[in-house]
Number of protein chains: 2
Amino acid sequence: MGTPLASRSSFASPVALRVTNDKEMDVAIQQISMSLASGQKPVVIGLAADSGCGKSTFMRRVTACFGGACKLNPIGRETNTLISDMTTVICLDDYHLNDRQGRKKTGLTALDPRENNFDLMYEQVKALKEGKKVMKPIYNHVNGTLDEAEEITPTPIIIFEGLHPFYDKRVEELMDFKIYVDITPEVKFNWKVQRDHEERGHSIESIKQQIEARKPDFDAYIDPQKNKADCVIQVLPTNLVANDKTHLNVKLIQCKGVDHYAPTYLWDEGSDIEWVPPRNKLASSAPGAGLKIYQKTEKWAGKDAAVIGMDGKYDKIDEMMYVEKQFASTGSKFVGEITKKMLEYEGQPGSNDGTGFLQTITALKVREVYEGIAKVKVPAQAN
Amino acid sequence: MGTPLASRSSFASPVALRVTNDKEMDVAIQQISMSLASGQKPVVIGLAADSGCGKSTFMRRVTACFGGACKLNPIGRETNTLISDMTTVICLDDYHLNDRQGRKKTGLTALDPRENNFDLMYEQVKALKEGKKVMKPIYNHVNGTLDEAEEITPTPIIIFEGLHPFYDKRVEELMDFKIYVDITPEVKFNWKVQRDHEERGHSIESIKQQIEARKPDFDAYIDPQKNKADCVIQVLPTNLVANDKTHLNVKLIQCKGVDHYAPTYLWDEGSDIEWVPPRNKLASSAPGAGLKIYQKTEKWAGKDAAVIGMDGKYDKIDEMMYVEKQFASTGSKFVGEITKKMLEYEGQPGSNDGTGFLQTITALKVREVYEGIAKVKVPAQAN
């Protein structure tokens, strides 16, 4: 901590920028490097989410908006850090205080704040935001060990994802934009049954016990962070038909009055709308209405929020071009950018429901927030 | 019947056209006269509706779309015929076979086809459509007598309104566009209670008896005509809150595949939409959502129909400019034409609910149908 920035990617000398083949990207990074040279600071994004929530696809959607390939930090051993030319994604599990063995001794879960080193987290988020490189510990998810630290060199965007990005007030206040992924208990249970019961043969009873055991800490320490978020992606069971355990109702809750964050809207800002597209424009094999898109104004933790939701599924991602066109203020740089980005994740979980659409919009909004704070333009990715 | 056309308004010599002060109108009428000269026939519109359904305001909304003042035929005695430069509105009660005394002898209601002279109706609709003037009988609503006939000279638009415009197949087939106003029994009852019980002190029991007495004939002869309509304005009790007897849910059912008739739509054609505008854009003192606008695709008498509905009320007609802008294919000739036309009927029954909005759109559609058939353009009314 505290050491001057050096070595990697965009923060290196202008010569190092030439390694990229994409000319536009090159220009963009130069712009950013230049603004950093004149006092530009990295923009820091927080993503709070439980494990097993599809964070990895979501993070790739976000980093893809800034161009360049995204890969694990190439340190030649286990790491949780994803890097691309302009982005770094840091997993907050790296700030666990004890390894798996240590937690067995304390008897506490990783959800418990006492098992996390918030002082170090704060110091390192702060240092990175100031443009300084840090030596960050690594929590090895395979072995459950705390491994030798890795060097993190700040990039224009740094994303901190994990269980507690907004738990510690000092860390929370460093976040320029706060996202919470809220998987409702019913959906978590359905997903766990699908994976652990149907695919692995665990009993329903044991699954329930596992969930119940984790619930008190989750409710006490993780869940309340959603009230601090600027934007929440909430995943609920479908409302289209009763007792459907496979289709989802996904809501994007966009708080108003957040700097550089303009909520997207359907047709008419501020209106409550329920929209069922006709099947000949948007095929859907989901039951009932197939796909219902809605918009409403709600309160979220006392703040006014513009909500966009999508219940059900669409069969063909390329037909989402039609849906995309009905939305305004999406953060896209050309007509069809959302659909194009969704097509890149075809086959991923959530790629054919509200998850894919609303994660993509949120990714574009992260880019917009970045542009607003950094006062630079990220070129549209033509790849 | 059969006499060549002469004398009045637009069908007279080009010189007579000069009587109008409105230059644009003058040009339009000349165009029409010219097309009539080369074989142009009047366009015939049918409007089926029970008595006491607000037809009079509706008819004024329609005739206003063609410019010029609309007034009773100036024959110096009781008449039901409304005329303006381009339009004639004929009441089909004029084809009653017997006067009120006569019906007392037969014991039949005016709803009964046997009390209506369909042969004469057919002959006269046909003659007028061929551009010939006719001597039409007059049913005197004040005295219940059949009065001396009046001369009707065809105008470019002739509207036949009343109980049986589509009952007789021959008459129906002459109609270029067919509108049915469908007041549902609950609403009819509520209206009658309001007028006859609350304002005139009749007992609820006597009102029910009156309605019941009329119902068999209405159901047998009037109601089935709605299946032949190209367009239905249906008035139902509000769905916004339970047991509300004052607010209305008004639907415009637009059959597809009708020549020269392109249904209006909200935002996206073919989509099912429910829309509640925010109160700060559209004030509403109605309970619940205040005003809900919806769109859906339904079957109407076996035909595909595009339905637009409006449930509840709006407090300020001028704010409807905002609603108007969300609709496409309204038949308007400039942005704001619907709102402007609605403002002209401020204070009339239905002027602050779906009645006003959907009657106005239907009026504009009548103009559009006319333009399509006659192959002329009616200038927008700037008055």
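The structure presented is a predicted model; accordingly, all values stated were derived computationally and were not measured.

Outline the domain arrangement of chain A, supporting the account with residue identities and numerical values.
Residues and elements named next belong to chain A. Each domain of chain A was delimited in the assignment, giving domain 1 (39-179) and domain 2 (230-362). For domain 1 versus domain 2, the separation of C-alpha centres amounts to 28 Å. The interface of domain 1 with domain 2 comprises 11 residues on the first partner and 14 residues on the second. Together, the buried faces of domain 1 and domain 2 total about 1,200 Å²; carbon and sulfur atoms form 57% of this surface. Area buried by domain 1 at its contact with domain 2 is led by F58, R61 and F177, which between them contribute 52% of it.

I'd love a proper account of the interface of chain A and chain B, names of residues and values included.
At the junction of the two partners, chain A supplies 15 residues and chain B supplies 15 residues. In total, about 1,100 Å² of surface goes out of reach between chain A and chain B, with carbon and sulfur atoms giving 45% of it. Scanning the region where chain A abuts chain B turns up two salt bridges. In this structure, B:K281 and A:D268 form a salt bridge, with 2.8 Å as the shortest nitrogen-oxygen distance. Applying the counting criterion to the chain A and chain B interface returns 13 residue pairs in polar contact (both at pLDDT 80 or more). No other element matches the five residues that strand 12 (residues 272-276) of chain A contributes to the side of chain A that touches chain B. Among the residues forming the side of chain A that touches chain B, the class breakdown is seven nonpolar, three polar and five charged.

Can you tell me about the relation of the copies chain A and chain B, naming the residues and giving the values?
Two copies of the chain are present, and they differ by a rotation about an axis and a shift along that axis. Structural alignment of chain A on chain B gives an RMSD of 0.0 Å, achieved by rotating through 180° and translating 0.0 Å along the axis. Such values leave the two copies arranged in the relation of a two-fold axis. Considering only C-alpha atoms, the part of chain A nearest the rotation axis is A:E274, at 2.4 Å. Taken together, the interface assignments show that 100% of the residues at the interface of chain A recur at the interface of chain B, consistent with an identical surface on both copies.

Outline the packing of helix 3 (residues 55-64) of chain A against helix 11 (residues 354-374) of chain A, supporting the account with residue identities and numerical values.
Residues and elements named next belong to chain A. Relative orientation of the contacting elements helix 3 and helix 11 amounts to 40°, with a least axis distance of 8 Å. Taken as axis vectors, helix 3 and helix 11 run oblique relative to one another. In this structure, helix 3 meets helix 11 at a crossing whose hand is right-handed. Taking contact as the criterion, the partners of T57, F58, R61 and V62 in helix 3 are, on helix 11, G356, Q359, T360, T362, A363 and V366.

Hey, could you go over the pattern of salt bridges for me, with residue numbers and the actual values?
For the coordinates displayed, the defined rule picks out 64 salt bridges over all chains. The shortest N-O distance in the salt bridge between A:E161 and A:K55 comes to 3.1 Å. You can see A:E161 sitting in strand 7 (residues 157-162) and its partner A:K55 sitting in helix 3, a full 106 residues away along the chain. Between B:K215 and B:D219 there is a salt bridge, with its nearest N and O atoms 2.6 Å apart. Here B:K215 and its partner B:D219 are both found in helix 8 (residues 204-222), four residues apart, which amounts to about one turn of the helix. For B:D219, a relative accessible area of 35% corresponds to the partly exposed category. Sharing partners across several salt bridges, the network here consists of A:K192, A:R195, A:D196 and A:R200.

Lay out the confidence of the model for chain A in plain terms, naming residues and giving numbers.
Summing up the model confidence of chain A, the mean pLDDT is 89 and the portion of residues at 70 or higher is 89%. Residue range residues 27-37 of chain A is modelled with pLDDT below 50. Its contacts to residues more than four positions away, or to other chains, number 20 contacts.

Mind laying out the side chain of B:D112, listing which residues take part and the relevant values?
Residues and elements named next belong to chain B. Here D112 shows up in the loop between helix 4 (100-106) and helix 5 (118-129). On the basis of relative accessible area, D112 is assigned to the buried category, the value being 2%. For D112, the side chain forms a polar contact with the side chain of R114, separated by 2.8 Å.

Residues and numbers for the packing of aromatic side chains, please.
For any pair of aromatic rings, the description consists of the separation of the ring centres together with the inter-plane angle of the planes. Within this structure, the stated rule accounts for 15 aromatic pairs over all chains. For the pair A:Y167 and A:Y221, a centre-to-centre distance of 6.3 Å together with 75° between the ring planes defines the contact as edge-to-face. Here the residue A:Y167 occupies a position in the loop between strand 7 and helix 6 (169-174), and A:Y221 occupies one in helix 8 (residues 204-222), the gap between them amounting to 54 residues. Residue A:Y167 is classed as partly exposed on the basis of its relative accessible area, which comes to 33%. Each member of the aromatic cluster is reached from another via a ring pair, and the members are A:W267, A:W275, A:Y322, B:W267, B:W275 and B:Y322. A:K188 extends its terminal NZ or CZ atom over the ring of A:F218, reaching a point 3.6 Å from the ring centre.

Describe the UniProt feature "domain: Phosphoribulokinase/uridine kinase" (unreviewed entry) in chain A, naming the residues involved and giving the relevant values.
In the numbering used here, UniProt assigns the "domain: Phosphoribulokinase/uridine kinase" (unreviewed entry) feature to residues 44-242 of chain A. What you have in residues 44-242 of chain A is 35% helix and 25% strand, and the ends, taken at the C-alpha atoms, are 41 Å apart.

Any details on the environment of B:S271? Residues and values, ideally.
By the secondary structure assignment, B:S271 is in the loop between strand 11 (265-266) and strand 12 (272-276). Judged by relative accessible area, which is 0%, B:S271 ranks as buried. A C-alpha to C-alpha distance of 6.5 Å links B:S271 and B:K296, two positions 25 residues apart in sequence. Every residue in contact with B:S271, bar those within four places of it in the chain, is listed here: A:W275, A:V276, A:P277, A:P278, A:Y322, B:Q295 and B:K296.

Just give me the short version of unusual backbone geometry, but keep the residues and values in it.
Unlike most non-glycine residues, A:K375 shows phi in positive territory, near 55°. Inspection of the secondary structure puts A:K375 in the segment after helix 11.

Explain the environment of B:R114 residue by residue, including any values.
All names here are of chain B. Structurally, R114 can be placed in the loop between helix 4 and helix 5. Classification of R114 by relative accessible area gives exposed; the value is 55%. Measuring from C-alpha to C-alpha, the distance between R114 and N98 comes to 9.6 Å, with 16 residues separating the pair along the chain. Leaving out residues up to four positions away in the same chain, R114 has contacts with L97 and L108.

Tell me what's going on with helix 8 of chain B, and back it up with residues and numbers.
By the largest-angle criterion, B:K215 marks the main kink of helix 8 of chain B, which is about 40°, and a proline, B:P216, follows within four residues. The inward-facing, buried residues of helix 8 of chain B abut strand 8 (177-183) and helix 7 (185-199) of chain B.

Any details on helix 11 (residues 354-374) of chain B? Residues and values, ideally.
Residue and element names in this part refer to chain B. The end-to-end C-alpha distance of helix 11 is 30 Å, a good match for the 30 Å that 21 residues give at a rise of 1.5 Å each. When you tally the buried positions in helix 11, you get 18 out of 21 residues, the bulk of the element. In the stretch just after helix 11, K375 is the one whose phi turns positive, near 55°.

Here is what the cut-offs are and how they apply
- Residues numbered from 1 in each chain as written.
- Chains lettered and ligands numbered in written order.
- Predicted model: local features only at pLDDT ≥ 70, side-chain atom pairs only at ≥ 80, totals over all residues.
- Heavy atoms only, no water.
- Domains from an automatic or database assignment.
- Contact = heavy atoms within 4.5 Å.
- Buried area = accessible area lost by both parts, 1.4 Å probe.
- Salt bridge = Lys/Arg side-chain N within 4 Å of Asp/Glu carboxyl O.
- Polar contact = N/O pair within 3.5 Å; in protein donor to acceptor, adjacent residues only side chain to side chain.
- Helix = DSSP H or I, 4+ residues; strand = E, 2+ residues; numbered from the N terminus.
- Nonpolar A, V, L, I, M, F, W, Y, C, P; charged D, E, K, R; others polar.
- Least-squares fit on C-alpha atoms with pLDDT ≥ 70 in both.
- Axes fitted to C-alpha atoms, helices over the stretch in contact; angles between N-to-C directions.
- Parallel < 35°, antiparallel > 145°, perpendicular 65-115°, else oblique.
- Left-handed = near helix turned anticlockwise from the far one by under 90°.
- Buried < 20%, exposed > 50% of the residue type's maximum accessible area, 1.4 Å probe, protein only.
- pLDDT = per-residue confidence, 0-100.
- Phe/Tyr/Trp six-rings, centres within 6.5 Å; stacked < 30°, edge-to-face > 60°.
- Lys NZ or Arg CZ within 6 Å of the ring centre and 35° of its normal.
- UniProt positions renumbered as here; feature names shortened; annotations may be inferred.
- Bend = angle between axes of the 7 residues up to and from the residue.
- Expected span 1.5 Å × (residues − 1).

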